[in-house]
Amino acid sequence: MRNIITIFGSTGDLTIRKLLPAIKRLLEEKLLEKDTLVLAIGRRNYQTVEYLDFVKKNSPHKFDVDFIAPNLEYFKLDIDALSDYQRLNEKIQSYGETRRVFYLAVGPDLLTSIASNIGLSNLVTKGDLNASITFEKPFGQDLISAREINGLLWQYFDEKQLYRIDHYLGKEMIQNILTVRFANKIFEGSWHNHAIKNVKIIAKETDTILSRAGYYDTSGALKDMVQSHLLQMLALVAMEVPLSYQSEDLKNEKVKVFDKLRYDRKSLVIGQYEGYLNEPNIDQDSKTETFVFLKAFVDTPRFKGVPFYLMTGKALEEKESVIIIEFEETPEQHKWDLPLKTNKLYIKIAPLDGISLTLNSKVPGLRNDVEQVDLEYCIACNAVGNMPEAYEKLILDMTEHHKSLFTRWDEIELSWQFIDKIKQDIKDKQIPLTIYKKPSDLYDLITEKEEAF
Ligand code: BG6
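Residues numbered from 1 in each chain as written. Predicted model: local features only at pLDDT ≥ 70, side-chain atom pairs only at ≥ 80, totals over all residues. Heavy atoms only, no water.

A. Local environment of the overall build of the protein chain. Summing up its helical and strand segments, the protein chain has 15 helices and 16 strands in all. Its C-alpha atoms give the protein chain a radius of gyration of 24 Å, within 12% of the compact-globule value 22 Å for 453 residues. Projected onto the principal axes, the alpha-carbon positions of the protein chain cover approximately 75 × 50 × 40 Å. By the burial criterion, 53% of the 453 residues in the protein chain qualify as buried. In the protein chain, the share of contacts with a sequence separation of at least 24, taken over all contacts with a separation of at least 6, comes to 75%. Carbon and sulfur atoms make up 50% of the accessible area of the protein chain, which totals about 20,900 Å². Charge centroids of the protein chain, computed over 59 positive and 69 negative side chains, lie 1 Å from each other. (Helix = DSSP H or I, 4+ residues; strand = E, 2+ residues; numbered from the N terminus. Rg over C-alpha atoms; globule rule 2.2 N^0.38 Å. Buried < 20%, exposed > 50% of the residue type's maximum accessible area, 1.4 Å probe, protein only. Contact = heavy atoms within 4.5 Å. Areas by Shrake-Rupley, 256 points an atom, 1.4 Å probe, with all protein chains shown as cover. Lys, Arg positive; Asp, Glu negative; His and termini not counted. Charge placed at Lys NZ, Arg CZ, Asp CG, Glu CD.)

See below:
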């Protein structure tokens with residue numbers, strides 16, 4: 001059946017930087033059928049050639065539009081005009097039986113009106129599994145608004161037709177977490193609070209908010225990164241063995257983690273990089289946090305008592321996303337008068353995907369010194385050709401109706417509950433916002449509170 005991928009927001013950053021290059025790669029690798037059609041929806045009065053020119057000019061990576069040109073058509077549509085959606089529907093109907101993905105690469109302000117018009121014009125009818133709606137976070141601003149948005153979506157579509165994107169789930173090493181955990185006896189056997197001392201989930205960025213003031217100032221690091229990416233990583237680390245690796249079973253286990261998640265208010269550190277208030281379009285009194293650190297706990301028998309340290313921020317010293325699992329000392333380790341270290345498993349997500357494990361090892365030679373050694377596997381270094389981008393995997397999965405890497409409503413609901421509680425505490429307990437010139441301003445504060453970090 002022919003695939004039609006309709007992209008709303010076709011002149012936006014996400015489409016130009018991520019979606020079109022990902023579709024192009026999938027076509028090149030023949031993972032998408034040759035007759036796949038991309039309908040780029042926009043309000044501007046472009047012909048397809050002009051649109052492709054626009055993409056070429058605005059693409060930061062000199063995206064070669066020629067390859068995708070035969071598969072792409074620009075379609076002008078006014079997002080508030082129902083008749084335009086009907087026109088679009090007629091066009092799509094003219095291709096006969098098709099598999100249709102409607103990708104809403106638009107801001108949260110447009111999401112609900114586009115989704116309702118898609119429903120009202122029967123572009124997607126409820127329950128038709130050959131038609132799906134895909135959209136990006138933020139799924140609301142808090143639990144109440146997320147429920148409203150979801151209620152509206154459920155009015156027109158079935159949950160099975162909704163694909164909520166968390167692009168971190170498409171990243172190679174995040175997909176690999178469950179394999180590392182459950183397919184390796186050494187980890188599977190020690191993945192619990194008797195053997196794990198703490199877990200660190202870190203996503204540091206050097207970038208500032210770039211040109212996203214409008215969105216970011218109403219969001220902040222808690223909503224932008226913790227509610228989605230960091231909590232998803234936490235769930236994959238903390239969940240129980242699922243009944244199967246089918247989407248629903250995986251999600252059932254993730255939801256149980258969110259249900260048992262709490263945080264320690266005293267650990268909370270929020271920061272804002274110096275200069276944030278001088279960014280264009282930022283309110284001079286803005287208290288939006290661009291950095292968060294907190295200690296959370298998952299009160300399940302497996303992980304009770306194990307601190308999960310979450311940290312994310314912008315304008316930091318490096319771009320790094322990593323999960324660090326620190327194991328307990330062995331009983332012998334305490335008896336020996338040697339500088340032994342704990343074992344640490346690093347699940348490296350960015351900049352280079354990979355895994356490393358630190359061990360204590362005797363220094364070669366005649367003396368009895370020990371040193372810490374690393375067993376390192378760099379996936380990106382060993383991969384032949386380019387590593388697939390998260391969006392390639394996600395687009396491919398949505399055209400094939402694989403939902404494991406997309407989030408279900410109850411996950412979103414519980415993660416908002418967690419974030420809302422923190423937001424409320426920040427307000428009620430007047431948690432101070434640290435203005436940081438350099439990241440060490442924050443790191444010192446954190447180690448004062450949490451020695452183990
Ligand atoms: C996005 C956030 O979801 O993730 C951005 O909105 C952030 O603020 C980005 O920069 C980080 O993603 P990645 O893949 O670069 O780690």
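B. Just empty space enclosed by the protein, in detail. Tallied over the entire structure, the rule returns two cavities of 30 Å³ or more. Considering only enclosed or pocket space, the largest cavity measures out at about 60 Å³ in volume. Lining the largest cavity we find Phe139, Ile165, Asp166, Gln227, Ser228, Gln232, Phe258, Thr407, Glu411, Ile412 and Ser415. For the lining of the largest cavity, the secondary-structure elements that each account for two or more residues are α9 (220-238) and α14 (409-428). Here the lining of the largest cavity is built from residues that sort into four nonpolar, five polar and two charged. Residue lining of the second largest cavity: Phe135, Phe139, Ala146, Ile149, Asn150, Leu153, Arg164, Trp409 and Ile412, and that is the complete set. Per-element accounting of the lining of the second largest cavity gives the leading share, four residues, to helix α5 (residues 143-156). (1 Å grid on protein atoms, 1.4 Å probe; cavity = no way out; pocket = protein on both sides within 12 Å on 5 of 7 lines; lining within 4 Å. Points joined across faces, edges and corners; volume = space filled by probe spheres on them. Nonpolar A, V, L, I, M, F, W, Y, C, P; charged D, E, K, R; others polar.)

C. Just helix α10 (residues 247-259), in detail. Here α10 is 13 residues long and its end C-alpha atoms lie 18 Å apart, about the 18 Å a rise of 1.5 Å per residue gives. Those residues of α10 lying buried are Ser247, Asp249, Leu250, Lys251, Glu253, Lys254, Val255, Val257 and Phe258. For α10, the secondary structure elements touched by its buried residues are α6 (172-182), α9, β8 (261-273), β9 (291-298), β15 (406-407) and α14. (Expected span 1.5 Å × (residues − 1).)

D. Inspection of the sheet that holds strand β16 (residues 433-436) at higher detail. Read across the sheet, nine strands follow the order β14-β13-β12-β11-β7-β10-β9-β8-β16 without closing on themselves; strand pairing throughout is mixed. Among the strands making up the open sheet, the edge pair consists of β14 (370-378) and β16. On average, each strand axis in the sheet is tilted by 20° relative to the strand beside it, whichever way the strands run. As judged from the six bridges shared by strand β7 (residues 196-204) and strand β10 (residues 308-313), these two strands associate in the parallel manner. Considered in β10, the bridge of Lys204 is made with Gly313. (Pairing = 2+ DSSP bridges. Axes fitted to C-alpha atoms, helices over the stretch in contact; angles between N-to-C directions.)

E. Just the packing of helix α1 (residues 13-28) against helix α2 (residues 48-58), in detail. At a closest axis distance of 10 Å, the pairing of α1 and α2 adopts a crossing angle of 100°. Taken as axis vectors, α1 and α2 run roughly perpendicular relative to one another. On the side of α1, the interface is formed by Thr15, Ile16 and Leu20, while α2 contributes Tyr51, Phe54, Val55 and Asn58. Partitioning the contact of α1 with α2 into residue classes produces five nonpolar, two polar and no charged. (Parallel < 35°, antiparallel > 145°, perpendicular 65-115°, else oblique.)

F. Inspection of the environment of Asp285 at higher detail. Within the element layout of this structure, Asp285 appears in the loop between β8 and β9. Note: C-alpha distance between Asp285 and Phe135 (150 residues apart in sequence) is 31 Å.

G. Expanded view of the packing of aromatic side chains. Counted by the stated rule, this structure contains 18 aromatic pairs. A ring pair is formed by Tyr163 and Phe406, whose centres lie 4.9 Å apart and whose planes are at 75°; its orientation type is edge-to-face. With Tyr163 in strand β6 (residues 162-165) and Phe406 in strand β15, this pair connects stretches of sequence that are 243 residues apart. Across this residue pair, the class does not change: Tyr163 and Phe406 are buried. (Phe/Tyr/Trp six-rings, centres within 6.5 Å; stacked < 30°, edge-to-face > 60°.)

H. Structural context of α9. If you check α9, its first and last C-alpha atoms are 25 Å apart, about what 19 residues at 1.5 Å a residue would give, namely 27 Å. The sharpest bend along α9 measures roughly 50° and falls at Val226. The buried fraction of α9 is high, at 19 of 19 residues. (Bend = angle between axes of the 7 residues up to and from the residue.)

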